Amino acid sequence: MSGWLQTPPEGGWHTLDAEKALALLQSDRTQGLSAQEVIDRREQVGANILEEAQGRSSWRILLDQFTNIMLVMLIAVAIISGIISVRANEVPKDAIAIFAIVILNGVLGYFQESRAEKALAALKQMASPNVRVIRDDKTVEVPSQDLVPGDILLLEAGMQVAADGRLLEASNLQIRESALTGEAQAVTKQAEEDLEADASLGDRTNLVFQGTEVVHGRGKVVVAQTGMQTELGRIATMLQSVENEPTPLQQRMDQLGKTLVTGSLILVAIVVVGGVVQAGWEAFETLLEVSLSMAVAVVPEGLPAVITVTLAIGTQRMVRRNALIRRLPAVETLGSVTTICSDKTGTLTQNKMIVQKAQSCSQTVQVSGEGYSPEGTFTIDQQTVSPLDDPELTQLLLCGVACNDAVLQKENGDWAIIGDPTEGALVVLAAKGGINQQELLQQLTRTSEFAFSSERKRMSVVVEPSQSAEKLVPGLSQSPYWLFSKGSPELLLDRCQFIQRGTQRETLNDSTREQILEKNAHMASQGLRVLGLANQKLASPPAKTAVEDDVEQGLVWLGLVGMMDAPRPEAKKAVGLCQQAGIRPMMITGDHQLTAQAIAADIGIAPQDAKTLTGQTLETMDKAELEQAVKDVPVYARVSPEHKLRIVQALQAQNQIVAMTGDGVNDAPALKQADIGIAMGITGTDVSKEASDMVLLDDNFATIVAATEEGRVVYTNIRRFVKYILGSNIGEVLTIAASPILLPILDVPLTPLQILWMNLVTDGFPALALAVEPAEPNVMKRPPHDPQESIFARGLGVYMLRIGVVFSIISITLMHWAYFYTQESAVPGNPERWKTMVFTTLCLTQMGHAIAVRSSNRMTYQLSLFSNPFVLGAVIITTILQLMLIYVGPLRNFFGTHLLSPTELAICFGFSTLLFVWVELEKLFRRFTKTDAD
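Within every chain, residues take consecutive numbers counted from 1 along the sequence as written. Per-residue local features of the predicted model are confined to residues with pLDDT of at least 70, and side-chain atom pairs are confined, for both listing and counting, to 80 or more; whole-chain, interface and lining totals are unaffected and use all residues. Only heavy atoms go into the side-chain values, all of them from the structure, while hydrogens and water stay out.

**Student:** I'm lost on the packing of helix α27 (residues 701–742) against helix α30 (residues 796–823) in this one. Help?
**Tutor:** Any two packed helices are characterised by the angle at which their axes cross and by the distance between the axes. Working convention: axes come from line fits to C-alpha atoms, limited for helices to the stretch in contact. Angles between N-to-C directions cover 0 to 180 degrees. In this text, helices come from DSSP runs of H or I with a minimum length of four residues, and strands from runs of E with a minimum of two, each type numbered from the N-terminal end. Remark: α27 packs on α30, axes separated minimally by 7 Å, with the N-to-C direction vectors making an angle of 40 degrees. The orientation of α27 relative to α30 falls into the category oblique. When you trace α27 past α30, the crossing you get is right-handed. Gly is placed with the polar residues, together with every amino acid not listed as nonpolar (Ala, Val, Leu, Ile, Met, Phe, Trp, Tyr, Cys and Pro) or charged (Asp, Glu, Lys and Arg). The class makeup of the residues in the contact of α27 with α30 is 15 nonpolar, nine polar and two charged. Roughly parallel covers angles under 35 degrees, roughly antiparallel covers those over 145, roughly perpendicular covers 65 to 115, and oblique covers all other angles. Take the far helix as your reference; a near helix turned counterclockwise from it by less than a right angle gives a left-handed crossing, and one turned clockwise gives a right-handed crossing.

In structure tokens, the structure reads:
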């Protein structure tokens, strides 16, 4: 059979009634599909599985590491150096060392990048292993991958939904769709509803979706979409379509490499051409050796390792602040974040339904307290009141806790709700008012119950109080039986004939009804979920055969309670810190618009009247319109997975560095697209965690802000040691370039092996120590730096050039003096030791630079040695290692150094202090001119 509809109808399956859906899918609700129809359809649409796109192989990732321009230049240098050494019948020590560094850097990059994407694998695990379907008029159990469109699927509590489908029948069916839509509350499904085409995913109550969980009731479904055509499949497609963009740090390091290599090649060309012009072609090989040394000197071989270790140290700091980093580059990217897009539930809020306001028949009461704790206060016009002293409030609280199946209890030292969160909020409310649930229920015997249903939208119980119940709650002894009801205010009010006024009940007139409905609307407009409560005195319990609608008549209206998922206490402070730091917080949620606006206003993300975009409006916008909208709109409600992805992309189109939080499967594509994807560690699904760069161990927005602070510290420290390392490297290059010009011989003071020693050891150890420099006091009081800024921005490039020139002047001056000093016949020792003096001075000068560069503005004497003792330790250890290269025989022979006399060593130490003095004088100059270095 080929006439069945293989694509969703115009408007979507939710716009059709059940019979129309069956007709389009050519299926039968009682007989299902035949075996042959199942085979035919599987051939047309394939198995009900999520398909995985082909990614880069491990070999491709490894080879890509060696396309870095600095590594390419080092490989060329190693090859040429090896050829020269072999021609001279020497062991190619330099070539071996350079190749070792190249391989080390390549492997380091591979392990950072080769982390396999497991998000799709986690997505696949959400598929139900086996399902029950009707085929050939028989109920059979089949593997979920065998489902095809048109299958009649049977659902019951505890099952996972294995495909998308249109409900045919539903009996108290509730499905938890939080992984897909982000909404914590289970959704009540109704087969009879026909919805508008623009209904959001969370509002499509006549559909079921793959990967969601049945928590209550049962249902019958006709399968409409399978595999990659399901909502889960669409998420998988989006997930695989998102390409990993280079982080700001990776972009800056790439720019740095290109700049260094270009500058080096220009300098090499000048030296070689100038040398050939000056000395002729017979000096070409010597000039080539000089060029090789310059090429090795310009490449900061230790920089990748230092950056990796710095980022790793940053991850440890962040773990201590409850942020688990899954990808190292994310550490630095956090410091560049300009916009944080946060989910609402559980991140900005406590993920706990808490009653904020109670409206008795006479007055409005504000309720405060911490989470589920039974400690709280009731205030009327800012005056604290005791609920048990107010008959109206007493009856309101009593009704809420009696007509209830939730339990408040302590778990691991914290108060927790067992049962429905909405009912739990009423139990906590009563506890705050002084009514102990456990004690009360011991005095009440429940004789009848009329359960909540999606049609009735209310729940009622009949209880018989004991003789001693009056001691707990005044007024309980007034009737042998009580009916307590709670539910939709509008529907419950229709069943009320009276209203509680003090200790008396009065007839409920039309004017009062209108006032109640107005108060209900007002509370709902504040983002509160509102319940109505009512009671009735009964002379005897209702008969077992009694119809609920007959019993729930002539009720006494008690009032309203308004609840919401309350904001986290620390969220408001964290949002304020964000704004102070120039970071824009935004809320993107699947919840209702009014709720989103209320929470956003409460914690300071946006004023109450700020513009809010819903998923329906967003759906009508094209790319340009959305890019314009995201500049001004801080709150987005009722959004779908695709909307979240589009919002992130629109922000990135504005050159924003975006951090996006999420916990559901629906968040995975946006998490992967964002510059920083942040998953929830407690409530997050495996899919969202695998798609993320960072996991919040406490699901707390404040932790994102703390991690951003650490990211800024890391980026500041990376800039600090980049200017330390490259300032030294530029000095080395200029010194090597000047040697054949200023000296009477064509020679180079440093071998590639000695340069590697400087770049890896005398640069590396102090750079690692600078990586743990503590945060500056103003780190979260300044705006984020321009995401597009160059690594050389804010004076760093000028500093490196300036320090490199000063460095080279010091070294060249020493080199010129040392060369003629060591050539004098009256001075004992190897005449080549001038090279060792240059080598030693360069290394020791870097030690002074490391001490001075800790701060751009504060003098070294103003910095406590104990605020970062690692710098002093690194300087001492590196100095000892350098001296060992001169005075330990095997090391001296391997590195090609020569013994220096105490006087010569003292001269090296003397020259090496000059750069430290220069940097300190620069700080002094900036202090007097009141200029900032960074």
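Moving on from the model shown.
**Student:** Looking at this structure, I do not really get the side chain of K644. What am I missing?
**Tutor:** Here K644 is to be found in helix α24 (residues 641–653). Relative accessibility decides the category of a residue: with a 1.4 Å probe and only protein chains considered, values under 20% of the type maximum give buried, values over 50% give exposed, and everything between is partly exposed. Under the relative-accessibility criterion, K644 is labelled buried at 1%. The residues touching K644, leaving out its near neighbours within four places in the chain, are I588, V639, M660, N666, D667 and A670. We call two residues in contact when some of their heavy atoms are within 4.5 Å.

**Student:** Hey, could you run me through the packing of aromatic side chains in this one?
**Tutor:** Any aromatic ring pair is given by two values, namely how distant the centres are and how the planes are angled relative to each other. When the centres of two rings from Phe, Tyr and Trp lie within 6.5 Å, Trp using its six-membered ring, the rings pair. Their planes under 30 degrees apart give stacked, over 60 give edge-to-face, and anything left gives tilted. Within this structure, the stated rule accounts for six aromatic pairs. Seen from their ring centres, W482 and F484 are 5.9 Å apart, and the 0 degrees between their planes marks the pair as stacked. Relative to F820, the ring of Y819 lies with its centre 5.2 Å away and its plane at 85 degrees, an arrangement referred to as edge-to-face. In this structure an aromatic cluster arises from ring pairing among W757, F894 and F895. The ring of F498 is capped by R505, whose NZ or CZ atom sits 4.1 Å from the centre of that ring. When the ring centre of Y799 is taken as reference, the NZ or CZ atom of K723 above it lies at 4.8 Å. Distance and angle both matter: a charge sits over a ring if NZ of Lys or CZ of Arg is within 6 Å of the ring centre and within 35 degrees of the ring normal.

**Student:** What is the right way to look at the pattern of salt bridges in this model?
**Tutor:** Where charged atoms of side chains with opposite charge meet at close range, the side chains can pair. By salt bridge we mean one thing: a side-chain nitrogen of Lys or Arg within 4 Å of a carboxyl oxygen of Asp or Glu. Counted under the stated rule, the structure contains 31 salt bridges. K189 serves as the salt-bridge partner of E177, at 2.6 Å between the closest nitrogen and oxygen. With E177 in the loop between β4 (164–176) and α7 (178–181) and K189 in the loop between β5 (187–188) and β6 (207–208), the pair connects residues that are twelve residues apart, well separated along the chain. The exposure classification of E177 matches that of K189, with both residues buried. Where R501 meets E506, a salt bridge forms, and the shortest distance between an N and an O atom there is 3.6 Å. Look at R501 and you get partly exposed, because its relative accessible area is 26%. Sharing partners across several salt bridges, the network here consists of R456, R458, R495, E548, D549 and E552.

**Student:** Would you mind going over the environment of A402 with me for this structure?
**Tutor:** Inspection of the secondary structure puts A402 in helix α13 (residues 391–402). For the pair formed by A402 and T445, sequence separation is 43 residues and the distance between their alpha carbons is 10.0 Å. The contact partners of A402, leaving out residues within four places of it in the chain, are L444, R446, V461 and F484.

**Student:** Whenever I open this one, a nonpolar patch on the surface confuses me. Can you help?
**Tutor:** A cluster of nonpolar side chains, contributed by L865, F866, L872, I876, I880, M884 and V888, occupies part of the molecular surface with about 660 Å² of accessible area. Following the sequence through the fold, M884 ends up in helix α32 (residues 869–887). Nonpolar side chains (Val, Leu, Ile, Met, Phe, Trp, Tyr) within 5 Å and like charges within 9 Å form the patches, drawn only from residues with over 30% relative accessible area and no salt bridge. Exposure was quantified through the Shrake-Rupley algorithm and a 1.4 Å probe, taking into account, for residues, occlusion by the shown protein chains and nothing else.

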